[in-house]
Amino acid sequence: MTSTTADTPRSSSLERDAHRLNTRNRVDGHQVRPSDIAVGVIIGRSSEFFDFFVYAIASVLVFPSLLFPYVDRLTGTLYAFAIFALAFIARPIGAMVFLWIDERHGRGVKLTIAIFLLGLSTAAMAFVPSFEQAGQTAAWLLALFRLGQGFAQGGTWDGLPALLNLNAPEKHRGWYAMVPQLGAPVGLIVAAGVFAYLLITLEEADFLSWGWRYPFFVAFVINVVALFARLRLISTPEFRKLYESRELQPSPIRDLFGDEWRTIVLGAFAPLASFALFHLVTVFPLSWVTLTGQDNPIRFLVIEIVGGLVGLGAVILSGLIADRIGRRRLLGWSAIGIAIFACAGPLILDIGPGGEWAYMIVGFILLGLSFGQSSGVVNGSFSAKHRYTGAGTTATASWFIGAAFAPLAALFLASRFGPLAVGGYLLSGAACTLLALYLNREWGRKSA
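Quick caveat: nothing in here was measured; it's all calculated off a predicted structure.

## As for the pattern of salt bridges
Inspection of the entire model under this criterion finds two salt bridges. With a shortest N-O distance of 3.8 Å, Lys-110 and Asp-102 are connected by a salt bridge. For Glu-356, the salt bridge is made with Arg-299, and the minimal N-O distance between the two is 3.3 Å. Remark: Arg-299 occurs in helix H17 (residues 297-325) and Glu-356 occurs in helix H19 (residues 353-379); sequence separation between them is 57 residues.

## Description of empty space enclosed by the protein
As enumerated under the stated definition, the model contains four cavities of 30 Å³ or more in all. Estimates place the volume of the largest cavity at around 80 Å³. Around the largest cavity sit Phe-53, Ala-184, Pro-185, Leu-188, Phe-278, Thr-282, Gly-311, Val-315, Phe-364, Leu-367, Gly-368 and Phe-371, which together line it. Counting residues per element, the ones that place at least two in the lining of the largest cavity are helix H10 (183-201), H17 and H19. The element contributing the most residues to the lining of the largest cavity is H19, with four residues.

## Some details on the packing of aromatic side chains
This model, assessed by the stated rule, comprises 33 aromatic pairs. One cation-aromatic arrangement involves Arg-146 over Tyr-55; the distance from NZ or CZ to the ring centre is 4.4 Å. The aromatic ring of Phe-84 is capped on one face by Arg-146, whose charged end is 4.7 Å from the ring centroid.

## A short note on a nonpolar patch on the surface
A grouping of Ile-89, Phe-257, Trp-261, Val-265, Phe-269, Phe-400, Ile-401 and Phe-405 is seen on the molecular surface, where their side chains present a nonpolar patch of about 690 Å² in accessible area. Secondary-structure elements contributing two or more residues to the nonpolar patch are helix H14 (253-269) and helix H20 (387-403). Here the element with the most residues in the nonpolar patch is H14; it accounts for four residues. Relative to the helices and strands, Trp-261 resides in helix H14. Classification of Trp-261 as exposed rests on a relative accessible area of 53%.

## Side note on helix H21 (residues 406-417)
Because each turn of an α-helix spans 3.6 residues, side chains separated by three or four positions end up pointing in the same direction. Taking 1.5 Å as the rise per residue, H21 with 12 residues should run 16 Å; its terminal C-alpha atoms sit 16 Å apart, in good agreement. Among all positions in H21, only Ala-406, Pro-407, Ala-410, Leu-411 and Ala-414 are buried. For H21, the buried positions fall inside an angular range of 120° around the axis, keeping them on one side. Opposite its buried face, H21 presents the exposed residues Arg-416 and Phe-417, each directed more than 90 degrees away. Here the buried face of H21 lies against helix H4 (73-105), helix H15 (272-280), helix H16 (284-292), H20 and helix H22 (420-439). Two residues or fewer past H21, Gly-418 is found with a positive phi of approximately 100°.

Reading guide: rules and limits
- Residues numbered from 1 in each chain as written.
- Predicted model: local features only at pLDDT ≥ 70, side-chain atom pairs only at ≥ 80, totals over all residues.
- Heavy atoms only, no water.
- Salt bridge = Lys/Arg side-chain N within 4 Å of Asp/Glu carboxyl O.
- Helix = DSSP H or I, 4+ residues; strand = E, 2+ residues; numbered from the N terminus.
- 1 Å grid on protein atoms, 1.4 Å probe; cavity = no way out; pocket = protein on both sides within 12 Å on 5 of 7 lines; lining within 4 Å.
- Points joined across faces, edges and corners; volume = space filled by probe spheres on them.
- Phe/Tyr/Trp six-rings, centres within 6.5 Å; stacked < 30°, edge-to-face > 60°.
- Lys NZ or Arg CZ within 6 Å of the ring centre and 35° of its normal.
- Patch = residues over 30% accessible without salt bridge, like charges linked within 9 Å, V, L, I, M, F, W, Y side chains within 5 Å.
- Areas by Shrake-Rupley, 256 points an atom, 1.4 Å probe, with all protein chains shown as cover.
- Buried < 20%, exposed > 50% of the residue type's maximum accessible area, 1.4 Å probe, protein only.
- Expected span 1.5 Å × (residues − 1).
- Arc of directions from axis to C-beta.
- Contact = heavy atoms within 4.5 Å.

Here's what the structure looks like:
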C-alpha cells in the first residue's frame, strides 16, 4: 500500500504546506493534545452539518414554491424531500471512490477534493433557476447538485474522531466520544439563525427571489476554513505515526466485511433510534407546522435554535453520563426514552405553540443524549487495522438506513395517517437500536 505521509511525492502541495506550517509551530517537542484534535473535529463536523441543514431548511421554505409551483405545497415538499434523500444514496459510492484516492494519493489529497466538491455542490445550489425560468430542468439541476453533496460527503471521513478516541484519557472516553457530535447542533443553530435573519430582514418576494441563496455561498467559505483546520491535524506526527502503524490506515472493504461483518451490521443498526429522531426534531417539524399553518417559519426557526442549544447541552451531558455508566448502557436507556417519546411526542406537536416547545425541547434532550454517544460506541468496536474504514463505513450505513428517507417518510405518514403514524416510524428505530445492543452484548462489554 502506498504511504501517504505528508512528505511523500504523491501528497498534495496543500498537504505538504500544512505539514510544514505545523512543524514550524511545534515548540520543544510539544505533542498535539486531545483538545487540539477536538477543535479540528468540531470545526469539520460543524461545516458539514451546516451544509446539511441549509439544504434541509430550504427544502421546506424555498424549493416547493421555487421548483414545484405546479403542485400543491405538500406534494412539492415531498418532492423536495425525495431529492434530499439522494445525497444519502450517493454517499456510499463516494466513500468507495475516495477510499481509493486515500490509498493511492493520501488523506490530504482526498480531503481537499472531497471538501471542495462538497462546497462547490452546495454553492452551485445558489444558482438553481426557478421553474418559471427553466422548467423541469431546475429540479434536475438541484438533484444533480444534491448527488454531488452526497458523493463528496462520502470522502470527508478523515479519521480524526478515531484519533481523538485514541488520544483520550482512559477514564474520559465517553467525554471525547461526544466531541464530534457537537457539530450537528452547532450546524443547526447557525443555519437556522441565518435563515431566520433573512426572513426577518427581507420581504417574502425578495427572500424567495434571491435572499435564500446567500446561505449556500456561506457554506463554501466555511468548508474552506474547515479544510485547512483538518489538514493541519492530519499532517501532525501523531497522526502519521498512527497511520504508519496501520491504526488509521484504510483497509480493503473485502477484508473489513470478511473480518468484522457482524460489527458493521449491528453497528449500523445500533444508532438508528437517534438517527431517526435526528430528522424528526430538525427537518420534519418545520415542514409540518409550516404546511398545517400552525406557526410561521420565523418563530419555529427560533424554537429550533433554542432546541439546538438544548441539544448541544445534552450532547455534552452524554459524555459525563457515559463515563459513569458506559456508552452502551446510555445508548440503550436513550432508546427506551425515544420509544416512550414516540408514543406521545407527535401528538404533542399538533396541539399548538406550547406543544411545539414541549416536543422540541424533550426531543432535543433525547437526541443529544443518544446522538452524543452513537459514534463513540461504534468506533470503539473495531480492531485497530479496521478502525478507520470500519468507523466510516458503519456511519455511512447508519445514516442511509436511519436518516435518508426519514423526512420523506415522516411527512408522508403524517399527511396520510396523522402524526401518530410518525411515532410508529420512530418506535421502529428505537426497537432496532435495542435489538442491536442486545445481540451485541459482547461488543458492549468491550466498548463500554
